[in-house]
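Secondary and tertiary structure notes
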Amino acid sequence: MAIPAAGLTERTGSAPGRVNLIGEHTDYNGGFALPLAIPARATARVRSRDDGVIVAASTAPGAEPARFAVDSAPGEVTGWAAYVAGVFWALRDAGHDVPGADVTIDSTVPTGAGLSSSHALEVAVAVTLNDLHGLGLDRTTLALLVQRAENQYVGAPTGTMDQMASLYGQEGHVILFDATSMTAQPVPCDLPAAGLSLVVVDTRVHHEHTGGGYGARRATCEEAAALLGVETLREVQGDAVDDVLGKLDDDVMVRRVRHVLTENARVLDTVALLRAGRADEIGPLLTASHASMRDDYDITVAEVDLAVEVALDAGALGARMTGGGFGGSVIALAPADAADRVGDAVRSAFDRHGHASPSVFTVRPAAGAGIEENNQ
Ligand code: ADP
Ligand code: MG
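Residues numbered from 1 in each chain as written. Chains lettered and ligands numbered in written order. Predicted model: local features only at pLDDT ≥ 70, side-chain atom pairs only at ≥ 80, totals over all residues.

Before going further, it helps to spend a moment on the site of ligand 1. Around ligand 1 sit 21 residues in total, of which Ser-58, Trp-80, Ser-107, Ser-117 and Ser-118 are the nearest. For the shell around ligand 1, the secondary-structure elements that each account for two or more residues are β6 (101-107) and α2 (117-132). The greatest single-element share of the shell around ligand 1, amounting to three residues, is contributed by α2. Looking at the shell around ligand 1 residue by residue, the classes come out as ten nonpolar, ten polar and one charged. (Near = placed C-beta within 6 Å. Helix = DSSP H or I, 4+ residues; strand = E, 2+ residues; numbered from the N terminus. Nonpolar A, V, L, I, M, F, W, Y, C, P; charged D, E, K, R; others polar.)

Right, dumping it as structure tokens:
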């Protein structure tokens, strides 16, 4: 039996889920977002095999183990294991001859809750393979590879913000992501020091990104950009916003574009407040973002609208849906001593309305993806 070189055959890495503080559906429009890595993480243990096979397993309930060839093309692996297969495919397609492996996923990021469990999984696999095979890829390159995996292999037309947050997250900071320059800049956001809590309400209304709503929004934005003669809607800023909206005559397109343009401005306003140490003043921007997603982008559902409304009534400074929409999670920024009250109020409102009981927890900005220290 061949004895593999010590330390080269197995690695464990991990990557966090993310909450987007503000800036929704802006990434695929070349715009700005302000996500944070959260404490919940996906861990990937990868052990190389020499038979060209990937055996993928997950501790998640219902995720059946899968066995497939390392060179499986898009479409050949479906279900949860496509997220694993997609990362191998994207790396190999980029010329990195990674061998097969036993891949074991163990994640605390809830799935389908808008916290990007899929990207946590993919980024965990990507950073682990990068380290295991000494590929030397930087974090932005990994983010783009993971995007290819999710777009081309899994078939979900998602952007780049989630992976960038998972890769560049830092404790005590939100990440200003600029999708045009593909840069991620940490912005201090020490919530406890500001006496604030960020409450997450997972409404348990679960979306499917591979469904049509997300793709349709993206297509409308691309159509609008083409009509306006710009590469992406990001190019429209400041005083140009009103002019541009006047040039479009389809009402639905006007509303979609208005969301994207005003959302970019809200992200930059939020960053300015955080940099000025005024975190307690960002609430109205979060709430305005929600109204824009509800009224202009049409991506909220009754449960998330209810959670936002009740959180605000219970003393939150601002609240909004976070993530791609059509369900998922709501975040509420609250004075630390009001956080429990906000959670209780949302839980009892859901009960009164006959909705399934939501999962409520608080998050703080946590560290980004990395390799576990106890690797041999
Ligand atoms: P989100 O990324 O917002 O949680 P998605 O629909 O994009 O929602 O991704 C959820 C999918 O990702 C799951 O249905 C599953 O296929 C896959 N997934 C996420 N975490 C795990 C896990 N721990 N084990 C297996 N599959 C997972
Ligand atoms: Mg996802």
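With that settled, consider the UniProt feature "active site" (unreviewed entry) in the protein chain. Per the UniProt record, the feature "active site" (unreviewed entry) sits at Asp-162. Tracing the chain through its elements places Asp-162 in helix α4 (residues 161-168). (UniProt positions renumbered as here; feature names shortened; annotations may be inferred.)

Here the focus is the domain arrangement of the protein chain. Domain boundaries assigned for the protein chain yield domain 1 (10-186) and domain 2 (190-363). Computed over C-alpha atoms only, the centres of domain 1 and domain 2 are separated by 24 Å. Secondary structure elements with two or more residues in the side of domain 1 that touches domain 2: β1 (10-20), β2 (32-33), β3 (35-48) and β7 (173-178). Looking at the side of domain 1 that touches domain 2, its residues break down into 16 nonpolar, 13 polar and one charged. (Domains from an automatic or database assignment.)

Further remarks concern the sheet that holds strand β10 (residues 318-322). Strand order in the open sheet formed by four strands is β10-β11-β9-β12, and the pairing between neighbours is antiparallel. Two strands bound the open sheet, and with one partner strand each, they are β10 and β12 (359-363). Shown here is a sheet whose adjacent strand axes are inclined to one another by a mean of 25°, direction ignored. Of the strand pairs in this sheet, strand β9 (residues 196-202) and β12 are connected by five bridges, and their pairing is antiparallel. Residue pairing across strands places Asp-202 opposite Ser-359, the latter belonging to β12. (Pairing = 2+ DSSP bridges. Axes fitted to C-alpha atoms, helices over the stretch in contact; angles between N-to-C directions.)

Core analysis: the largest hydrophobic core is formed by 104 residues, its most contacted members being Ala-311 and Ala-332. The element best represented in this core is helix α1 (residues 81-93), accounting for ten residues. The contacts of Ala-311, once residues within four sequence positions are left out, are Ala-316, Ala-319, Val-330, Ala-332, Val-342 and Val-346. Of all hydrophobic cores here, the second largest spans nine residues; its members include Ala-224, Val-257, Val-260 and Leu-261. (Core = buried A, V, L, I, M, F, W, Y, C linked by C-beta atoms within 7 Å. Buried ≥ 20, exposed ≤ 12 C-beta atoms within 10 Å, placed from the backbone. Contact = placed C-beta atoms within 7 Å.)

The topology assignment puts Val-308 in helix α9 (residues 302-313). For the pair Val-308 and Ala-332, spaced 24 residues apart in the sequence, the C-alpha separation amounts to 7.3 Å. Residue contacts for Val-308: discarding those within four places in its chain leaves His-290, Ala-319, Arg-320, Met-321 and Val-330.

As annotated by UniProt and renumbered to match this structure, "binding site: Mg(2+)" (unreviewed entry) occupies Ser-118 and Glu-150. The greatest C-alpha distance among the residues just named is 8.5 Å, despite their covering 33 residues of sequence, which places them together in space. Here Ser-118 shows up in helix α2. Residues within four places of Ser-118 in sequence aside, it is in contact with Tyr-83 and Glu-150. Residue placement: Glu-150 occurs in helix α3 (residues 139-154). By the C-beta count within 10 Å, which is 27 here, Glu-150 ends up buried. Setting aside anything within four residues of it in sequence, one finds Glu-150 in contact with Gly-86, Ser-118, Glu-122, Ala-156 and Thr-158.

Here we come to the pairing of strand β11 (residues 329-335). A regular strand carries its side chains on alternate faces of the sheet. Of all seven residues that make up β11, six are buried, and the element is covered over most of its length. Inspection of the sheet shows β9 paired to β11 by seven bridges, in the antiparallel sense. Within the sheet, the bridge partner assigned to Asp-202 lies in β11 and is Ser-329. Inspection of the sheet shows β10 paired to β11 by five bridges, in the antiparallel sense. Note that in β11 the partner of Met-321 across the bridge is Val-330.

Moving on to the pairing of strand β8 (residues 183-188). Note: β7 against β8, six bridges, orientation antiparallel. Residue pairing in the sheet places His-173 in a bridge with Pro-188 of β8.

With that out of the way, let us pick up the environment of Thr-128. Assignment of secondary structure puts Thr-128 in helix α2. Judged by local crowding, Thr-128 falls into the buried class, with 28 C-beta atoms found within 10 Å. In sequence terms Thr-128 and Arg-45 are 83 residues apart; their C-alpha atoms lie 7.7 Å from each other. In this structure Thr-128 touches Arg-11, Thr-12, Gly-13, Ala-44, Val-46 and Ile-371, once residues within four positions along its chain are discounted.

So, on to helix α5 (residues 212-228). Over its 17 residues, α5 runs 24 Å from end to end, which matches the ideal 24 Å to within 8%, given 1.5 Å per residue. Listed as buried for α5 are Tyr-214, Arg-217, Cys-221, Ala-224 and Ala-225. Across the axial projection of α5, the buried residues extend over an arc of 100°, all falling on one side. Of the residues in α5, the exposed ones pointing more than 90 degrees away from the buried face are Gly-212 and Ala-226. On its buried side, α5 packs onto α7 (251-275). Once α5 ends, the next one or two residues include Gly-229, with phi positive near 70°. (Expected span 1.5 Å × (residues − 1). Arc of directions from axis to C-beta.)

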